[in-house]
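As a plain string of letters, each chain reads:
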Protein chains: 2
Amino acid sequence: MGIGDDGAVLQPSPATQTVIAVDTLVCGVHFPEHASAYDIGWRTLAVNLSDLAAMGATPRWFTLALTLPELDQHWLEEFSKGLFACAAGHDISLVGGDTTAGPLTLTVQVVGEVPTDQYLSRAGAQAGDAIYLTGFVGDAMAGLGIMQERYAAQGARREYLLNRFMKPSPRVDAGLAIAQLASAAIDISDGLVADLGHICAASQCCAELQLRDIPVSPQLVELLGKEPAQTLALSSGDDYEICFTVGPNFEPQLKSLFETLGLNITRIGHIKTGTGVVVITADGSTVAIGSKGYQHFS
Amino acid sequence: MGIGDDGAVLQPSPATQTVIAVDTLVCGVHFPEHASAYDIGWRTLAVNLSDLAAMGATPRWFTLALTLPELDQHWLEEFSKGLFACAAGHDISLVGGDTTAGPLTLTVQVVGEVPTDQYLSRAGAQAGDAIYLTGFVGDAMAGLGIMQERYAAQGARREYLLNRFMKPSPRVDAGLAIAQLASAAIDISDGLVADLGHICAASQCCAELQLRDIPVSPQLVELLGKEPAQTLALSSGDDYEICFTVGPNFEPQLKSLFETLGLNITRIGHIKTGTGVVVITADGSTVAIGSKGYQHFS
């Protein structure tokens, strides 16, 4: 059964737990007013899939609550194309929704599945674990800056950075691949230091990062220079990469695993005893960084 | 596990299917701007529980996506009181959410469970089935009218009608009670004729209603007079009663079942062959009514 009844009826797979996550995007807050309908559709689902990725869950179903100022058929078609393009890449089905009149606001709820008691969580990191990050961080902040005309970039570099903000790639395959290896995981939505801080709080430990090891894209380095890019990437949000911790026994398996996925990973530091996130800068000095990333209402 | 990780991990019960429904309330569209925070909290969950009720599902978990113009601690406390008062009555737990800045918009998604393949749907009504309705219809429309100062009422009558709009009682127990008896069910959110029209469309049949049998509350009759109340109640929304169809074999069981629940039910007509909803008026004339209730964007 799908859309049409008062609710959707879903058949859970045997020996699994259900994982649900919900994220809202508000026009003018989470994306600029002139963002394309296609990109809004993609991004609305992608940021939710990223939550499933961080938990090592397999995406199954999603619902969409769409609040629209007016019924614009063309906008809806483009939005749907973006939404379903993202859905198709992750084998997830739309099973319900609600459309209401009001200021443009989009809430997606995703439903995934994990083998019973094998989900990734924020708790579980231990002193001695290495800290890894998928892909690059900082790109999305630069993409948003370009949309807001705070940064200037042209051609392929502009295109790359814009897409990194508006069309993030949820790391679902990475989350599934590390589900048996990682001791803790989180997706980077509020910023690396802020989100890693959540792992530290839940796991009661300290994360020590090497600034020089923060992975930044060539495009971001061309825009800002390497060290400024790495510094900004500590606290910039919206990248939707996965940060995870892994014990020494499992580290050797990671490289070939991610080569198979075609995704780069980088070891950016280690878990220590203590609390909070500490960053070691180029000159070897230690900076303790507050756990706040960018936050609404701040 | 609860709120805190990227998602919530839920353990499905054995031999069940999962039922999910989602509904958004927008300030100024689904409730007046001066509605109390407590009532908004109650109503946001109640309208979603009503969807589970219509499917014969047992409520289990819900998520809340809350978009707020500003962080108002007092408003949030009152809102939470209303939300959890409604939740407590139905043994459903908040397991996740998202809070964002923007125009006041609330999306709740409820997760319920039904024994495998025993959910109620809109399809399944057959010629010869009786059509029943729980409680009274039309009250919510009058309550909204009072809030908008289109109707005047005082004292207990005013209180009753206002509460029927802002604090609907989701008929979860009724939905569970009829799950083994009813051939089709729906909750009345868009209006009796509109929602019954959905049953007719899904079941490929016609519904014939007796206007004189439409159940209206004494309070609504005092406000409008009996026949005008019944006529308005055909197309007024937001009552969140359950309309269901039941075959002749099961009708005798209904009365004692609902006496146990302490909820009145009324037989309002029968399913026939054909299409759409037909209403027989006091003088015996037949009026075919379009299947549109109140609709946004109309």
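Before going into details, it helps to say that this report is about the structure given with it. These numbers come from a predicted model, not from an experiment.

## A short note on the overall build of chain A
- When helices and strands are counted, chain A shows nine helices and 12 strands.
- Expected size for 298 residues packed as a compact globule is a radius of gyration near 19 Å; at 19 Å, chain A falls within 12% of this value.
- With the principal axes as the frame, chain A shows a C-alpha extent of 60 × 50 × 35 Å.
- Counting only contacts in chain A whose residues sit at least 6 apart along the sequence, the fraction spanning at least 24 positions is 84%.
- For chain A, the computed accessible surface area is about 11600 Å², with 50% contributed by carbon and sulfur atoms.
- Counting 16 positive and 32 negative side-chain charges, chain A places the averaged centre of each group 8 Å from the other.

## Details of the sheet that holds strand 2 (residues 16–26) of chain A
- The mixed open sheet is built from five strands, whose spatial order is 4(A)-3(A)-5(A)-2(A)-1(B). Two strands in the sheet have a free side with no partner beyond their single neighbour: strand 4 (93–101) of chain A together with strand 1 (8–10) of chain B. The average undirected angle you get between the axes of adjacent strands in this sheet is 20°.
- Summarising the sheet, strand 3 (residues 58–68) of chain A and strand 5 (residues 105–115) of chain A pair through nine bridges and their orientation is antiparallel. Bridging from a neighbouring strand, Thr67(A) pairs with Thr105(A) of strand 5 of chain A.
- Along the sheet, helix 1 (residues 37–54) of chain A makes contact with strand 2, strand 3 and strand 5 of chain A, crossing strand 5 of chain A at roughly 35°.
- Set on the sheet, helix 2 (residues 73–88) of chain A makes contact with strand 3, strand 4 and strand 5 of chain A; between it and strand 3 of chain A the angle comes to about 165°.

## Considering the environment of Val193(A)
- Here Val193(A) is to be found in helix 6 (residues 192–203).
- Sequence separation between Val193(A) and Ala207(A) is 14 residues; the distance between their C-alpha atoms is 9.1 Å.

## Quick notes on the packing of aromatic side chains
All names here are of chain A.
- Considering all chains together, one arrives at six aromatic pairs over all chains under this definition.
- Both rings, one in tryptophan 75 and one in phenylalanine 79, keep their centres 5.1 Å apart while their planes meet at 10°; by these two values the pair is stacked. One end of the pair, tryptophan 75, and the other, phenylalanine 79, are both in helix 2, four residues apart, so they sit about a helical turn from each other. Considered together, tryptophan 75 and phenylalanine 79 belong to a single accessibility category, that of buried residues.
- Three or more aromatic residues joined by ring pairs form one cluster here, namely Tyr132, Phe244 and Phe258.
- Above the face of the phenylalanine 165 ring, arginine 43 is positioned so that its terminal group lies 4.4 Å from the ring centre.

## Structural notes on the side chain of His90(A)
All names here are of chain A.
- Within the secondary structure, histidine 90 is located in the loop between helix 2 and strand 4.
- Looking at histidine 90, the relative accessible area reads 18%, which means it is buried.
- Sequence-distant contacts of histidine 90, that is, excluding residues within four places in its chain, are made with Leu49, Pro59, Pro170 and Val172.

## Some thoughts on the pairing of strand 5 (residues 105–115) of chain B
Residue and element names in this part refer to chain B.
- Of all the 11 residues making up strand 5, 10 are buried; the element is thus mostly covered by neighbouring parts of the structure.
- Sheet topology places strand 2 (residues 16–26) next to strand 5; 11 bridges connect them, and they run antiparallel. Pairing of valine 26 across the sheet is with threonine 105, part of strand 5.

## Quick look at helix 6 (residues 192–203) of chain B
All names here are of chain B.
- Between the first and last C-alpha of helix 6 there are 16 Å, a value that for 12 residues agrees with the 16 Å anticipated at 1.5 Å per step.
- Across the 12 residues of helix 6, nine count as buried, placing the element largely inside the fold.
- Listing the buried residues of helix 6 in full gives Leu192, Val193, Ala194, Asp195, Leu196, Gly197, Ile199, Cys200 and Ser203.
- One or two steps after helix 6, the chain reaches glutamine 204, where phi turns positive at roughly 50°.

Parameters at a glance
Residues numbered from 1 in each chain as written. Chains lettered and ligands numbered in written order. Predicted model: local features only at pLDDT ≥ 70, side-chain atom pairs only at ≥ 80, totals over all residues. Heavy atoms only, no water. Helix = DSSP H or I, 4+ residues; strand = E, 2+ residues; numbered from the N terminus. Rg over C-alpha atoms; globule rule 2.2 N^0.38 Å. Contact = heavy atoms within 4.5 Å. Areas by Shrake-Rupley, 256 points an atom, 1.4 Å probe, with all protein chains shown as cover. Lys, Arg positive; Asp, Glu negative; His and termini not counted. Charge placed at Lys NZ, Arg CZ, Asp CG, Glu CD. Pairing = 2+ DSSP bridges. Axes fitted to C-alpha atoms, helices over the stretch in contact; angles between N-to-C directions. Phe/Tyr/Trp six-rings, centres within 6.5 Å; stacked < 30°, edge-to-face > 60°. Buried < 20%, exposed > 50% of the residue type's maximum accessible area, 1.4 Å probe, protein only. Lys NZ or Arg CZ within 6 Å of the ring centre and 35° of its normal. Expected span 1.5 Å × (residues − 1).

None of the figures reported here should be taken as evidence of function without further support.
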